[in-house]
Amino acid sequence: MTAKSKESQIIKLAAKFKSAIGLIGLIIVMSFLSEYFLTVHNLMNITRQVSINAVLAIGMTFVILTGGIDLSVGSVLALSSVITAGLMSSGMNIALVLIIGIGVGTLLGLLNGLLVAKGRMQSFIVTLGMMTIARGLTLIYSDGRPISGFDKSFRFLGAGHVLGIPVPVIIMFALLAVSYVILKKTPFGRYVYAIGGNEKATELSGINTDKIKIGVYAISGFLASISGIILASRLNSAQPIAGTGYELDAIAAVVLGGTSLAGGQGGIVGTIIGALIIGILNNGLNLLNVSSFYQLVAKGAVILIAIFLDTRSQKRD
Amino acid sequence: MFKKLVTLGLVLLMAMGLFGCAKDGAKDDGKLKIGFAVSTQNNPFFVDMKNGLEAKAEELGFEVLTVDAQDDAAKQLSSIEDLIMKGIDVLVVNPVDGDAVVTAIESANNSNIPVITVDRGANGGEVTAHIASDNVAGGVMAADFIAEKINKAGKVVELEGIAGTSAARDRGKGFNQGIDKYDSIEVVASQPADFNRAKGMTVMENILQSQREIDAVFAHNDSMALGAMEAIEGAGRDIIIVGFDAIDDAVQAVKDGKIAATVAQQPSLIGEIAVETAQKIANEEVVEEFIKVPLKLVK
């Protein structure tokens, strides 16, 4: 093995783990900037805050891997959250409430998938429409007001701990594990990558691409409703305007994690790293008491720099 | 020939329909017709404003046509044009955007319909009266209340609204003016949480990490105050919280002793005063150009 090929191997390795390297770099920088950053308590705090976006971003990863996009997740989150809250405050059985809450989100996701796959419409437009519809339904259902008054047991989902670990974090890691297995170890997962890589070829090889596509949007809706329920539980209230702009944070997490918007490349682990990068950035800017105007510039700049480096390294490949 | 007759018939029918509409629009049964263009019904504050306005109008026997712009300035413009077409006597508008609404106000001016702005102002056109609460005074009120609660010494945190909005600017300005009067009170952190409950919680959680000593929090609105409350409860710390707007949840939290106070704008009173002002304008009485609606502290 020559020195040169060794070097190129290191570069390849670095390219593969670049989002992880970025995350570690950010953690090191933050540790120097703020003495409060690297404490168990704060790290727990960050992962709990990240969990909502991470769960959305897991679903978004499935969609983006097929080369699509799901803009409706923030609104679906809000709809599931107000429906869950509304039914719960009406005294319905909590298990039934959760099933309905999650069912609604999954159903809207399924609809997105049907319109994209069978309707042959662009995912951007379909989910943009769904984003507006779901937000409207949220406002209709809630009459524009926050809904509160939950069962004590419901708060466990968002504010509880198991062995000292916040429940949302446990949910996030459980969903991460399941999604990882689905993407890497099942035929469904392989077809998700295949569609993103070359849809025509996948279809010609006899795979029912419509089914796969409908599946990924349903997964995205399913996960959006789970994060909506966690958010309502965490806030002890369902907010009709919850989740506005969350779709962009989720997309940013996916892309920061190295998944290509063109589809076919990337994965779930990167997405979690991307979500952590965004979460640490938010946390760090608060810890450092950075003024509001500068925060926006800093966040945007980090995303742009990350994507810039990503495209450059892809070009080199 | 038959086809032509049918077409002619249809055209006549449509013309009659139009004529009927126009007549209906201009009909004058002595009932004052108020057009109310609200920015959004996405926020309990504006829902209360609308309810106050409609209740007062009903009491006085006026008719109200309400349109909701859903925070979309373009939609507001077109729906105000619709209101003008329907022959309203006075336009009450709660602008989505102070600049974008100018075109709509100018069209009302051209139709000789007097315009009242509520809550947010307009940056042009001819506005007869502007009705709003005095946010700067509200910020000062919060600062004085906190100072009294912590014996004029201690560390306070400010949760700011969306950067660049007038509410965030004015409330922050009033609060900092108020706090500046007390030498021993220090604002240890001022961070934006965008008027949003989830963000209020997250940002407060983060501030709690870096500030070991906090005596009080002032949030530019209740949603952030309630989010901060969850964060503070989660951390098991004892901090005085003051919000702004007095939405239902916050008033309940004050009753439960979970937050200390909320500065109440009186949205439903803003709506009521808008109707009274509209009546005065219709009766050609002189009204003040800027009507400040009093705030109150719910504690």
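Residues numbered from 1 in each chain as written. Chains lettered and ligands numbered in written order. Predicted model: local features only at pLDDT ≥ 70, side-chain atom pairs only at ≥ 80, totals over all residues. Heavy atoms only, no water.

An unreviewed UniProt entry lists chain B under the name Ribose transport system substrate-binding protein, with Orenia metallireducens given as the organism. The record held by UniProt for chain B lists under Sequence similarities (unreviewed entry) the comment "Belongs to the bacterial solute-binding protein 2 family." If you open the UniProt record of chain B and go to Subcellular location (unreviewed entry), you find "Cell envelope". (UniProt positions renumbered as here; feature names shortened; annotations may be inferred.)

Chain A has the name Ribose ABC transporter membrane protein in an unreviewed UniProt entry, where Orenia metallireducens is given as its organism. Per its UniProt entry, chain A bears the Subcellular location (unreviewed entry) comment "Cell membrane".

A.B. asks: So what exactly am I meant to see when it comes to empty space enclosed by the protein here?
C.D. replies: The probe, sized like a water molecule, is rolled over the atoms to show the empty space still left. For the structure shown, the criterion picks out one cavity of 30 Å³ or more. Reported here for the largest cavity is a volume of approximately 60 Å³. What lines the largest cavity is L231, L235, Q239, I241, A242, G243 and Y246 of chain A together with F195, N196, R197, A198 and S223 of chain B. Of all elements in the fold, only α11 (209-235) of chain A together with α7 (197-210) of chain B reach the threshold of two or more residues within the lining of the largest cavity. For the lining of the largest cavity, a count of residues per class yields seven nonpolar, four polar and one charged. (1 Å grid on protein atoms, 1.4 Å probe; cavity = no way out; pocket = protein on both sides within 12 Å on 5 of 7 lines; lining within 4 Å. Points joined across faces, edges and corners; volume = space filled by probe spheres on them. Helix = DSSP H or I, 4+ residues; strand = E, 2+ residues; numbered from the N terminus. Nonpolar A, V, L, I, M, F, W, Y, C, P; charged D, E, K, R; others polar.)

A.B. asks: What exactly am I supposed to notice about the pattern of salt bridges here?
C.D. replies: Under the definition given, this model contains 14 salt bridges over all chains. For the salt bridge of K118 of chain A with D210 of chain A, the shortest nitrogen-to-oxygen distance reads 3.4 Å. Of the two residues, K118 of chain A sits in the loop between α5 (94-117) and α6 (123-142) while D210 of chain A sits in helix α11, which places them 92 residues apart along the sequence. Here D210 of chain A falls in the buried class, since its relative accessible area comes to 11%. One salt bridge connects K292 of chain B with D134 of chain B, and the closest N-O pair in it is separated by 3.4 Å. In this pair, K292 of chain B sits in strand β11 (residues 290-293) while D134 of chain B sits in the loop between β5 (129-133) and α5 (135-149), placing the two residues 158 residues apart along the sequence. (Salt bridge = Lys/Arg side-chain N within 4 Å of Asp/Glu carboxyl O. Buried < 20%, exposed > 50% of the residue type's maximum accessible area, 1.4 Å probe, protein only.)

A.B. asks: Sorry if this is basic, but what is going on with α6 of chain A here?
C.D. replies: For the α-helix, the turn length of 3.6 residues means that residues three or four positions removed from each other point alike. Residues and elements named next belong to chain A. Under the 1.5 Å per step criterion, the end-to-end length of α6 is 28 Å for 20 residues, consistent within 8% with the ideal 28 Å. Along α6, the residues that are buried comprise S123, V126, T127, M130, A134, R135, T138 and S142. The buried residues of α6 all sit within an arc of 165 degrees when viewed along its axis, so they share a single face. Away from its buried face, by an angle of more than 90 degrees, α6 presents the exposed residues T132 and I140. (Expected span 1.5 Å × (residues − 1). Arc of directions from axis to C-beta.)

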